[in-house]
Amino acid sequence: MTYIIIIVLGLIIDRLTKTYAINNLIDNPYKGSIFNFTYLENRGAAFGILQDRRIFFIILTLAIVCALVYYFLKNYKKNPKLLNVALTMIITGAIGNFYDRLFQGYVVDFIEFAFVDFPVFNVADIFVTVGSILMIIYLIFFEEREKV
């Protein structure tokens, strides 16, 4: 149940923040000392690569999300909580950006660091990134290795 709550809340937060960006940041970007909030339509992948490959991303995201959900549902009872949270966060972020790409044709990005040159991102990207970091931590420090 906890994992479903993470997914639902994550998707709600992602949609609300993207809706806010669409309604308020297009004409009125915010410039701060730590974060800038600037509306951007990303028609590519991370860092804007592979621009205008919408169908490719829709198919790829569907395949990845289906594989992750299948693995999660099959193994969540025996998986460690850290791995389940990592998978849940990655699934949440992927679905959040998939929704944009499917219904709008692009992903709404609006958060950028004010103090360093880094691509504009969104809440779904944060979920994917944090989930990926947690998965890396799990794989490096906690996964049991097969004995040879």
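All of these numbers come straight from a predicted model, not from anything done at the bench.

> Please provide a residue-by-residue account of the pairing of strand E2 (residues 35-42), values included.
Examined bridge by bridge, strand E1 (residues 30-31) and E2 share two bridges and lie antiparallel to one another. Its bridge partner lying in E2, Lys-31 is registered against Asn-36. In textbook terms, the turn of a hairpin is the stretch between consecutive antiparallel strands, and for E1 and E2 this stretch comprises three residues. Two elements, E2 and strand E3 (residues 107-113), share six bridges in a ladder whose sense is antiparallel. Counterpart to Asn-36 in the pairing with E3 is Glu-112.

> For the side chain of Asn-36, give the residues involved together with the corresponding values.
By the element assignment, Asn-36 lies in strand E2. For Asn-36, the side chain forms a polar contact with the main-chain nitrogen of Gly-32, separated by 3.0 Å. When neighbours within four sequence positions are excluded, Asn-36 is seen to be in contact with Tyr-30, Lys-31, Phe-110, Ile-111, Glu-112, Phe-113 and Ala-114.

Cut-offs used in this document
Per chain, residues are indexed from 1 in the order of the written sequence. Residue-level local features of this predicted model are given only where pLDDT is at least 70; pairs of side-chain atoms are given and counted only at 80 or more, and the full residue set underlies all totals for whole chains, interfaces and linings. Side-chain calculation: all heavy atoms of the structure are included, whereas hydrogens and water are not. Think of it this way: DSSP has to see at least two bridges between two strands before they count as a pair. Under the scheme used here, helices are H or I runs from DSSP no shorter than 4 residues and strands are E runs no shorter than 2 residues, and both carry numbers assigned from the N terminus. By the criterion applied in these results, polar contacts are pairs of N or O atoms within 3.5 Å in which, for protein atoms, one can donate a hydrogen and the other can accept it, and in which residues neighboring in sequence qualify only through two side-chain atoms. The contact rule is simple, with two residues in contact once any of their heavy atoms fall within 4.5 Å.

Function cannot be inferred from these measures alone, as they are strictly geometric.
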